[in-house]
Structures are given as C-alpha cells and as structure tokens.
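These are the residues of each chain, in order.
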There are 2 protein chains.
Amino acid sequence: MKALLVGVGAVGEAIVKILSKRDTEGKWLEKMVLADYDFEKAKSISEELQNSKRFPAEFLDASDKEEIINMIKKHEVDFVLNGSPPYLNNNIFDAAFEAGVKYLDMGLYSNPYPAESSTKGYIEWMGDYSFKKAKEWEEKNLLAILGAGIDPGVADVFAKFAAKHIFDELEEIGVKDGNNITVKDLDIAFGFSIWTVIDEVLNPPVVWERDKGWYTVEPFSGIETFDFPEGIGPQKLINCEHEEVVFIPKYIDKGLKKVSFKIGLGDEMIQALKVIRGLGMDKKEKYIVDGVEVSPRDVVASIAPSPAELRDKMEGKMCVGIHVKGKKDGKKREIFMYQYLDHKDAMERVGCQVVVTQTAFGACIATELVAKEIWQGKGVHCPEYFEPEPFLKLMQEYEYPFRILEMDSEYKKSRDEFELNQILDEVAISKE
Amino acid sequence: MKALLVGVGAVGEAIVKILSKRDTEGKWLEKMVLADYDFEKAKSISEELQNSKRFPAEFLDASDKEEIINMIKKHEVDFVLNGSPPYLNNNIFDAAFEAGVKYLDMGLYSNPYPAESSTKGYIEWMGDYSFKKAKEWEEKNLLAILGAGIDPGVADVFAKFAAKHIFDELEEIGVKDGNNITVKDLDIAFGFSIWTVIDEVLNPPVVWERDKGWYTVEPFSGIETFDFPEGIGPQKLINCEHEEVVFIPKYIDKGLKKVSFKIGLGDEMIQALKVIRGLGMDKKEKYIVDGVEVSPRDVVASIAPSPAELRDKMEGKMCVGIHVKGKKDGKKREIFMYQYLDHKDAMERVGCQVVVTQTAFGACIATELVAKEIWQGKGVHCPEYFEPEPFLKLMQEYEYPFRILEMDSEYKKSRDEFELNQILDEVAISKE
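Residues numbered from 1 in each chain as written. Chains lettered and ligands numbered in written order. Predicted model: local features only at pLDDT ≥ 70, side-chain atom pairs only at ≥ 80, totals over all residues. Heavy atoms only, no water.

Even after reading the chapter, I still don't get the overall build of chain A, so can you show me in this structure?
Broken down by element type, chain A carries 15 helices and 21 strands. In terms of overall size, chain A behaves like a compact globule, its C-alpha atoms giving a radius of gyration of 21 Å where 432 residues would be expected to give roughly 22 Å. Across the 432 residues in chain A, those meeting the buried criterion constitute 61%. Counting only contacts in chain A whose residues sit at least 6 apart along the sequence, the fraction spanning at least 24 positions is 74%. Summed over all atoms, the accessible surface of chain A reaches about 17000 Å², with 45% contributed by carbon and sulfur. Averaging the locations of the 56 positively and 77 negatively charged side chains of chain A gives two centres separated by 3 Å. (Helix = DSSP H or I, 4+ residues; strand = E, 2+ residues; numbered from the N terminus. Rg over C-alpha atoms; globule rule 2.2 N^0.38 Å. Buried < 20%, exposed > 50% of the residue type's maximum accessible area, 1.4 Å probe, protein only. Contact = heavy atoms within 4.5 Å. Areas by Shrake-Rupley, 256 points an atom, 1.4 Å probe, with all protein chains shown as cover. Lys, Arg positive; Asp, Glu negative; His and termini not counted. Charge placed at Lys NZ, Arg CZ, Asp CG, Glu CD.)

Below you can see the structure in the form of structure tokens.
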C-alpha cells in the first residue's frame, strides 16, 4: 500500500516512526509521503528515517482540497492517513473520495452541540458530515475509517471485543482516560493538540442513554474519582465531548443502556481551561485585533508550547480504557479493559511523548489491517464495524498490550484470562 | 484649563464622570476633549454628559504623535491627561511636549528589567524615557506629572505625607494593594486593564534597598499575609513590579532602608496569570498566526471581558495603602495609611467599577491641583515632588477619604488624629 500522511505533527511523527520500525522492508507499506504545511518538519523526519524514496517529504496546504488530490495523484497513493487537526478533516476526507482512495483519521471535527439539548435520534454532530456521505463511498467501493487512534480507536475496538466475548448483556460503557503525568518546570502543559483539548473539554459533553438518546451536559460536570491501575491511582474525571459516545451506540447493542466519556485532567488543567474560556481564548471565530483578523484559539495553539516540545519534561503514565458493566452467564460482571503506556517507554521506543505515541500506534495498527485487507469493506465506518481480534492481536505484537481488570464481579476471573488467550491465539496475521 | 483626555477606556470614563460632577459649571475645567480610537465609546460618554461643547468626542489614534499634536492644537488645550495603556505613554508624553502643554499620566510603561539583576544606581527601567527628558521639559517651562492615579498616585502622596508628618525616621515603606472582590458567574475576571495586570505581575518585580539599590526578584515571590482593615481581612500578597518602588526612593529619604510593592490577587488570579504565561499569551512581540502578525498579549487584552464589563458582577472592597515602619519622637512606630472603596459605592457614586474609580479619582484630584496651580512647577515629576496636604484635603472633599491605622506601635494614637486634622484644616482650596 502507498500512503499519504497529511500532517506530520506530533502524532504524525510518531506514526511514521512506529510504522517504519514495524515494516522495515516495506513489505506492506511500500511508501508513505510525509506532507505538511510545515515543510521543514516533514523534511527533518524524512531525513531522520534516511529513506527519502520510501518516506518523501512534501509541502502541503491541507486546507486546499485540490492540492491534496494532486499530491495523491503525484505519488500514486491508495490510502490517505489524516494526521491533521480535526477542523481540516472534511476537506481531506473529500479529497480522498474525489481521488478514489481509502481514508483513515483519528478523531472527528465537532460542531459543538448546543448545551442542554437532547435528542432521541441521531444528532447532527460529530462526524455527521462524513457519515452522511457513507452511501457515496459505498457506491464508489471506497472505505473510510473514522476515529482510529487510541480514543477514539483502541477504546472502540475494546468495546466491540467486550460486547462480543466478555458480556452476554451490556448495561453501561464508560470510556475513561486518565494519567499521572507531570511536566517539570512548566506552569501549564498540554500533552495533546491544544486546539483539540480546548475543543473536547469546553464543548458541551454529550452522553448517550437508551431512553434519552444523545444529550448534552455541562462542561466539567460528572465529577467522579476512578482508581486507575498500573500504579496511576485515583484520578478525578469529568465529562468530555468524545467520539466514542457517538460510535459505540451506533454499532453495539446487547441491551446497552448508557455510554459516556470521562477524562482525568487534574485540577490545574481544569483551571487552565476555565481560564482560557474565561479569557475568550477558546473562540474559533475570527476577531479583529490590531487591525488584522485572527482566531483566538489559533493564536493559543500557535503560541503555546507544542505537545512535542514537552517530551523531555514529562513523567508518568497514560491509561485509556473502557469501564463496562453488564452480565455474563447470568451473573453481574464489571470490567476495566485498558491500555497503558509509560512516557519513559514511549520515549525509549518511539522517541515521542506518551499521549501522541498512544494515539499513533492505534492508527498504525489500523493502517496495517487495511494494508493487509484484514479490515476491509466499503462505506464510512468506525472501528466498531470491524472484527476486534486482529487489532488486539497486533497490539500484542506491537507491544502495546491491553489488560482486562475484573472488578467487583460475581463472575470468575480465572476463566477469562484463558479464554482471551485462546481467542487471540486463533488470530493469524501474516508478515506481508 | 482645557484638557485633552487621550483614551476614554474604563478609567477615562470614570475620570470624566467624576470631574463633570466635581466641577459642574466648568469653573476650572473649561473643557475636556474625549478622544479615543474607539470613537463610539467616546461619543456615548459625551452624549451621556449632555454637554458636547464642553466634553466633545473625537476619534484619535494615540499611536500617531502628529494626530495627538493636531488634536491639542484644534481644541487649544493646555493639558493632556493620558488615559491610555502604558505602552502608548512615550508617544503621548512627546506629543504634549512638542505641542507645549502640561502632561499627566497614571502609570509608567516598563521595559521589564531582566530577572536576577541588581544595581546600586538608578536602573534603566520604568519611566526612564520620561525622566531622562526632565531637563528639556524644564527648559521649555513645562510640567509633566507621572503616575498620578491611586497606586501609583495616592500611595505616593501618602508616602510623602508620612515622611513629612508621621515619622521622624523611616525604615521601610511597603505599598500594599488588596481586596476582597469577587465576580459572579465568571471563571476569571480582570478588574483592571488586562494588558497592564499581565505586565506588572509577570515582569520581574523590583525591590529597593538602601544598601543594594534596585534589584529584581522572582514573579509571584515574597508571599506575605496582610490583614487589611475595613472588613477586607487577611489577604495573601505577592511582589509586583510597580512604579512606587521607583518613585519613593527618588524623593524620600529620612533614613529609609527598603521600599516594596505587594499585591493581593487571590490564588485563582495567580493561577490564571501562570496559565497566561505558560501559554505564552503574555508575550508582547508579534508572531505570525494564520499568516498574519499579532501580539499574543494584544489578542488576550482585546478578546477577554473588559474591566468595564464586570461592573454588574463585582462585589467587595479595594484597599490601597502604605505600610510604614520607622520612628517618631524616638519611639518605634508602624502605621498603615490607606484608602478604601466599596464596589457598591463606586457604582452608586460614579457608575463605574471600583478599581477604575479608585485610579480615576487620583487623576481627577491631581488635575484639579494642576488646574488651580496648587501643584505647579516645571520638569518631569512624580506625585512625591508636590506638597501632599492639598491632595489629601481634596480626598476628603471628593469623599474618597483616607485613614491611618496605628499598628503595633510604642507611639500614641490619640495625638495624631488631632495633628492630622489640624494639618488639613490649614489647607484652603478655592472652588474656582
């Protein structure tokens, strides 16, 4: 497969580094074009890999659809991996469609749903632009995969796996994203795209319930302390607008009654986001300042220390998982199925910081599954659409393993460890 | 006197409102031109006063010196009152000089002195641009008064008065600025020009000691809890770059050993300023964002809720004073000489919020003293240069009174109350 990576930012860089190590000889990833508006960044990554033929650097303005189409044609790629901020999604998605190639991204753009809204039906909201074009993609026999990073991405694969193998009946899925990361010498540090963090935390969070449909709650609401495993410990979580709340109820049933997403930001980051909101610096619209037009949020995103700059100052672990309640064999069952990564390991293994590495490996695995046609089909789909076992098998191979924590359950632990291994042992993924 | 008010922002508006009530018939303030880049704001204040002949509104770009000079000539004013942000000071100061009129401002522009510096001599720092031109002003027989608001301004008048009447020997003067203001429904609220608050709190604070000269300390350092009177109570104060630390040692001796300035911001505001610094949004230089050049701090100052917008949401009191230690009649003496104002009173009396009202009345009194030639002279001076008694007398008349709190002193209270009244009783200020 020949791929065009649109955006070689923090996550894009980690993707290239992981994939170039995973497929050293280009057996299934023949080529990956590194295209960015910041050409110097793309070039430096290309040079680091010492294979500019397989990983050529290109200047690309991803806000220009025609430019993307021309780039796809120039390098004869058959797959576009979108590593750009979500506000460029629709454009890149359309460019892939018009050029007739496969598409994958790691998160959706959101037109924030107004606060205090609720709907029984599907809301005009995250990913709606793409979902509505599903038929056109089907008719053109093309595949688009939305939200295939860690969360969304790995979390959705977990949800599909849990529904398929761990539960007979589902009650609630709560995606939980926590960490015990600290950053030295900085008053405030965003471990992930600042633009995106502002978006997902300050937009009204959406919760789904079977009886109510999707409905919004207040930003910073739903405070809950969750005890994360792997030495991370108790973290205060709050509701957060996130893709999984859209994806999971669209694909998973088994009587599921509620889906939510909560994130652990720490009191300081919560305060920082409230300050950003209080100052109006979260605004996306353009304002006239000193006679020129600027979007306050673009200014923050452009001026603040970038997530990549933090790599040498961070310490701690990230953990993303699904907290699921339901029944198995007629007994109550509660699990936390999670992936965790220590920043130190991310740095040693990939040379990138932990949050972007976690996001990147999910996209890498999805890319490998698409390249090997293990994940295939047509139309516009979320990770839940595909079989989860090959993805989990590759998580083990990539050495970003997952664990299942049996919580306060009537159901026995021992049995499952065995079952899980058996399930994954049956999955075979060729090297080529 | 005919005055040009350059900048009808929050403080400018309060100045006009206080002066128009103080001198209803234009006995000593014949005219005040309300000039602003935001012409609509100037116009609305002019209309509110229903006397557009005495208070005409004009559009003025204060970054254009020639435009200011033309405005001075057009309205034949003999006094410029600078109500603009400090970064426009030098320009307005020069325009007044070139046009040959008197000048008054309420704060200095600072080229922050590098952290961890110290000097025995006077540092190239706040107000230096103006002080260096003192001779030229003297030669032209013109008067400029720098820093005549509340702090700097009233605080400096207090220092002069304390040195003259309350102490025989001075040890330390600590200017202290505290409040118990709360703002409803807002995550973060700047009670004063955001641009200026960022400047004075994030620049390295400067302290003066007789043996060391001026030296810088870390922002947010020098934490001290001071129990403010008038029901405000204990407030956590931190060092802050402020004009008084430059002014006081230049004019006042009596053995004075140390001058500092500390401000009570509250933990939330301190955190907010750390967030602004952490995000790089305090930067004054221009950066390219989305292809246009902007100064991050200008963006914050332009987007965030303006101090004037807060008027209906604030509650509480402001208190500015000088905490002085020294000797009187051979006995140790310690006082807190202060002015305080309740936001509710500021709203009822002026229709402006408390912080800007406090700053404004200081400038109004100084303006009246200049108009009546009670404060007179030539050159470039700070409030300490002039006699403090008439200023304090006018504070009583304007009903922004001051109080002297006798602290842990060997010296007797009773005697002073008497002395103070006697001193002020001897001051006569004509109505015309």
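Here the narrative resumes, following the displayed structure.
It is not clear to me how the sheet that holds strand E1 (residues 2-6) of chain B should be interpreted in this structure. Could you clarify?
Adjacent strands of a sheet form backbone hydrogen bonds with each other and so pair up, either parallel or antiparallel. Residues and elements named next belong to chain B. On the basis of which strands lie adjacent, the open sheet formed by seven strands has the order E3-E2-E1-E4-E5-E7-E20 and parallel pairing. Two strands bound the open sheet, and with one partner strand each, they are strand E3 (57-59) and strand E20 (379-381). Here the average twist between neighbouring strands, direction ignored, is 20°. Sheet analysis places strand E4 (residues 79-82) next to strand E5 (residues 102-104), joined by three bridges and oriented parallel. Looking at E5, one finds that Leu81 is bridged to Leu104. Helix H13 (residues 354-371) contacts E4, E5 and strand E7 (143-145) of the sheet and is inclined by roughly 160° relative to E5. (Pairing = 2+ DSSP bridges. Axes fitted to C-alpha atoms, helices over the stretch in contact; angles between N-to-C directions.)

Help me understand the domain arrangement of chain A, please; the structure alone is not making it clear to me.
When the parts come together, some accessible area is lost, and that loss is often what is quoted as the size of the interface. Residues and elements named next belong to chain A. Per the domain assignment, the segments making up chain A are domain 1 (2-105) and domain 2 (154-351 + 401-425). With centres defined by C-alpha atoms, the gap from domain 1 to domain 2 works out at 26 Å. On the side of domain 2, eight residues touch domain 1, which itself brings nine residues to the contact. Across the interface of domain 1 and domain 2, roughly 650 Å² is buried in total on both sides, 65% from carbon and sulfur atoms. (Domains from an automatic or database assignment. Buried area = accessible area lost by both parts, 1.4 Å probe.)

Just to check I follow, could you spell out the interface of chain A and chain B for this structure?
Contacts between the two partners involve 31 residues from chain A, matched on the other side by 31 residues from chain B. Summed over both partners, the interface of chain A with chain B comes to about 2500 Å²; 69% of that surface belongs to carbon and sulfur atoms. Linking chain A with chain B are zero salt bridges. On the surface where chain A and chain B come into contact, there are two residue pairs in polar contact (both at pLDDT 80 or more). Put simply, the parts of the chain that give the side of chain A that touches chain B at least two residues each are helix H10 (266-279), strand E15 (287-289), strand E16 (292-294) and helix H11 (296-303) of chain A. Looking at which element gives the most residues to the side of chain A that touches chain B, the answer is H10(A), with nine residues. (Salt bridge = Lys/Arg side-chain N within 4 Å of Asp/Glu carboxyl O. Polar contact = N/O pair within 3.5 Å; in protein donor to acceptor, adjacent residues only side chain to side chain.)

Just checking my understanding: could you explain the pairing of strand E8 (residues 169-179) of chain A for this structure?
Residues in a regular strand point their side chains to alternate faces of the sheet. Residues and elements named next belong to chain A. Most of E8 is tucked away, with eight of its eleven residues classed as buried. With ten bridges joining them, E8 and strand E18 (residues 317-328) adopt antiparallel strand pairing. Pairing of Val175 across the sheet is with Ile322, part of E18. As defined by bridge partners, E8 adjoins strand E14 (residues 258-264) across six bridges and the pair is classed as parallel.

I'm lost on the nonpolar core in this one. Help?
Across soluble globular proteins, you tend to see nonpolar side chains buried next to one another. Core analysis: the biggest nonpolar cluster contains 227 residues, and A:Met32, B:Met32 and B:Leu273 have the highest contact counts within it. Ignoring any residue separated from it by four or fewer positions in sequence, one finds A:Met32 in contact with A:Ala3, A:Leu5, A:Ile15, A:Val16, A:Leu19, A:Arg54, A:Phe55, A:Pro56 and A:Leu81. (Core = buried A, V, L, I, M, F, W, Y, C linked by side-chain atoms within 4.5 Å.)

Even after reading the chapter, I still don't get the sheet that holds strand E3 (residues 57-59) of chain A, so can you show me in this structure?
Residues and elements named next belong to chain A. A sheet is described by the order of its strands in space; here seven strands give the open sequence E3-E2-E1-E4-E5-E7-E20, paired in parallel fashion. Edge positions in the sheet fall to E3 and strand E20 (379-381), since each of these pairs with one other strand and no more. For this sheet the average axis-to-axis angle between neighbouring strands, irrespective of direction, equals 20°. When strand E1 (residues 2-6) meets strand E2 (residues 31-36), the two strands line up parallel, connected through five bridges. Residue Leu5 lies in a different strand from E2, and its bridge partner there is Leu34.

I would appreciate a short explanation of the relation of the copies chain A and chain B in the present structure.
Note on the chain copies: they are related by a rotation about an axis and a translation along it. Least-squares fitting of chain A to chain B yields an RMSD of 0.0 Å, with the transformation described by 0.1 Å of translation along the axis and a rotation of 180°. Here the two chains are linked by the operation of a two-fold rotation axis. Residue by residue, 100% of the interface of chain A is reproduced at the interface of chain B, so both copies engage with the same surface. (Least-squares fit on C-alpha atoms with pLDDT ≥ 70 in both.)

What should I look at first to understand the pattern of salt bridges in this one?
Two side chains with opposite charge may pair up if their charged atoms get near one another. All names here are of chain A. With the rule as written, the count across this model stands at 50 salt bridges over all chains. Residues Lys372 and Glu368 are paired through a salt bridge, measuring 2.6 Å at the closest nitrogen-oxygen approach. The exposure class assigned to Lys372 is buried, which follows from its relative accessible area of 14%. Relative accessible area serves as the criterion here: at 0%, Glu368 is assigned to the buried category. Within the structure, one salt-bridge network assembled from shared partners comprises Glu13, Lys17, Lys41, Glu48 and Arg311.

I tried to follow the packing of helix H7 (residues 154-166) of chain B against helix H9 (residues 244-251) of chain B on my own but got confused; where do I start?
A pair of packed helices can be characterised by two numbers: the angle between their axes and the separation between those axes. All names here are of chain B. Axis separation between H7 and H9 bottoms out at 10 Å; the angle between their running directions is 25°. In this view, H7 runs roughly parallel relative to H9, as classed from their interaxial angle. The handedness of the crossing between H7 and H9 comes out as right-handed. Contacts between H7 and H9 involve Ala155, Asp156 and Ala159 on the former and, on the latter, Glu244, Phe247 and Ile248. Of the residues contributing to the contact of H7 with H9, the split by class is four nonpolar, no polar and two charged. (Parallel < 35°, antiparallel > 145°, perpendicular 65-115°, else oblique. Left-handed = near helix turned anticlockwise from the far one by under 90°. Nonpolar A, V, L, I, M, F, W, Y, C, P; charged D, E, K, R; others polar.)

What's the story with the environment of B:Ala363 in this structure? I'm lost.
Residues and elements named next belong to chain B. Its place among the elements puts Ala363 in helix H13. Given a relative accessible area of 0%, Ala363 falls into the buried group. Along the chain, Ala363 and Gly149 lie 214 residues apart, while their C-alpha atoms are 4.9 Å from each other.

Got a minute to help me understand unusual backbone geometry in this structure?
Backbone phi values are negative for most residues with the exception of glycine, while trans is the configuration of most peptide bonds. All names here are of chain A. With an omega of 5°, the peptide bond between Asp151 and Pro152 qualifies as cis. With respect to the helices, strands and loops of the structure, Pro152 is situated in the loop between strand E7 (143-145) and helix H7 (154-166). Positive phi outside glycine occurs at Glu373, with the angle close to 55°. Since its relative accessible area comes to 48%, Glu373 is described here as partly exposed.

Would you take a moment to explain the pairing of strand E10 (residues 206-209) of chain A for this structure?
Residue and element names in this part refer to chain A. By the bridge criterion, four bridges tie E10 to strand E11 (residues 213-216) in an arrangement that is antiparallel. Bridge pairing in E11 links Val207 to Tyr215. Between the antiparallel neighbours E10 and E11 lie three residues. Note that E10 and E14 share two bridges and pair antiparallel. Within the sheet, the bridge partner assigned to Trp208 lies in E14 and is Val259.

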